[in-house]
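A structural walkthrough
If you want the building blocks of each chain, they are given just below.
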Amino acid sequence: MDNRKILVVDDEERIRRLLKMYLEREDYIVDEASDGEEGLEKALTEDYEIILLDVMMPGKDGLEVCKEIREKKSTPIMMLTAKGEEISRIHGFEAGTDDYIVKPFSPREVVLRVKALLRRSGNVQVSTQLNRSKDLIEFPHLIIDNDAHRVLANKKEVSLTPKEYELLLFLAKAPDKVFDREELLKEVWKYEFFGDLRTVDTHVKRLREKLSKVSEEAAKMIVTVWGVGYKFDVQ
């Protein structure tokens, strides 16, 4: 297995050492940061396959770090936090996190979740060629290669976070069908929450912005249905 580099950002040395030990057993290369400022600097200057990010840290907290990373990079992020309340999870998803695990956690579970997130993000090497892909969704200005987890807009690759990719794929698999925000939260985030639905709106906005940088036509395929939700328009 190829070595993959992971950044662990947590102000508790015990947590960092524990995660480092379990991840290194799986042949991951683990880099550490003890606070938000150091974690942000490393996240922006180096390339990691995934970032494990504690929420509650002195100074710059994990939510701030996540938001700033998302302004420049699509690196998969898993939040680590002692808070299990719904509102904390929603804030994490709004900030752009891709997965969420609550302390105290089993290190083995973290390793399994890391592997699952890497598979979903497409950061695990996939040998399938685009032209040989079996799971391919094609539109005039957009191609989604689900075998390789690649998105091409006007033949240019678009870098998406795992959740942005999953949202686009879910909408594209049901063209012209309107989904409300509650349904999208349940299906894409596997999470039922019927209050603050900004998580969906935030991800749709980011997705459109990334697509529009290479193809305005592709970005316009994600249509807002006012008072209801969103749909993927193939007209």
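The structure displayed is predicted, hence computed values, not measured ones. (Residues numbered from 1 in each chain as written. Predicted model: local features only at pLDDT ≥ 70, side-chain atom pairs only at ≥ 80, totals over all residues. Heavy atoms only, no water.)

**Quick notes on the nonpolar core**
In terms of nonpolar packing, the biggest core is built from 32 residues, with Leu142, Ile144, Val151, Leu168, Leu211 and Phe232 touching the most fellow members. Every element with two or more residues in this core is listed here: strand S6 (136-139), strand S7 (142-145), strand S8 (150-153), helix H6 (162-172), helix H7 (181-188), helix H8 (198-212), helix H9 (216-219) and strand S12 (229-232). With near-sequence residues (within four places) excluded, Leu211 lies in contact with Leu142, Val151, Ala153, Val158, Ala218, Ala219 and Ile222. One finds Val8, Tyr28, Val110 and Val114 within the second-largest nonpolar core, a separate group that totals 19 residues. (Core = buried A, V, L, I, M, F, W, Y, C linked by side-chain atoms within 4.5 Å. Buried < 20%, exposed > 50% of the residue type's maximum accessible area, 1.4 Å probe, protein only. Helix = DSSP H or I, 4+ residues; strand = E, 2+ residues; numbered from the N terminus. Contact = heavy atoms within 4.5 Å.)

**Describing the packing of aromatic side chains**
The final tally for this structure, using the stated rule, is three aromatic pairs. Note on Phe139 and Phe232: the rings are 4.9 Å apart at their centroids and 50 degrees apart in plane angle, and the pair reads as tilted. Within this pair, whereas Phe139 is found in strand S6, its partner Phe232 is found in strand S12, the two being separated by 93 residues in sequence. Each member of the pair, Phe139 together with Phe232, is buried. Lying over the aromatic face of Tyr22, Arg25 brings its terminal NZ or CZ to 4.7 Å of the ring centre. (Phe/Tyr/Trp six-rings, centres within 6.5 Å; stacked < 30°, edge-to-face > 60°. Lys NZ or Arg CZ within 6 Å of the ring centre and 35° of its normal.)

**Some details on the confidence of the model for the protein chain**
Looking at the protein chain, pLDDT values average 86 and 88% of them are 70 or higher. Considering only residues more than four positions removed or in separate chains, one finds that residues 123-133, a stretch of pLDDT under 50, has 16 contacts. (pLDDT = per-residue confidence, 0-100.)

**Things to note about the sheet that holds strand S10 (residues 179-180)**
With respect to topology, three strands assemble into an open sheet ordered S10-S12-S11, the strand pairing being antiparallel. Among the strands making up the open sheet, the edge pair consists of S10 and strand S11 (222-225). Looking at chain direction, S10 and S12 are connected through two bridges and run antiparallel. Opposite Asp180, over in S12, you have Gly229 as the bridge partner. The sheet contacts of H8 involve S11 and S12, and relative to S11 the element is tilted by about 145 degrees. (Pairing = 2+ DSSP bridges. Axes fitted to C-alpha atoms, helices over the stretch in contact; angles between N-to-C directions.)

**Some remarks on unusual backbone geometry**
A negative phi angle characterises most non-glycine residues, just as the trans form characterises most peptide bonds. Following Lys103, the chain continues to Pro104 via a peptide bond in cis, the omega torsion being -5 degrees. Even without a glycine there, the phi angle at Asp27 is positive, about 70 degrees. Take Asp27: it is sitting in the loop between helix H1 (13-25) and strand S2 (28-33). A relative accessible area of 39% places Asp27 in the partly exposed class.

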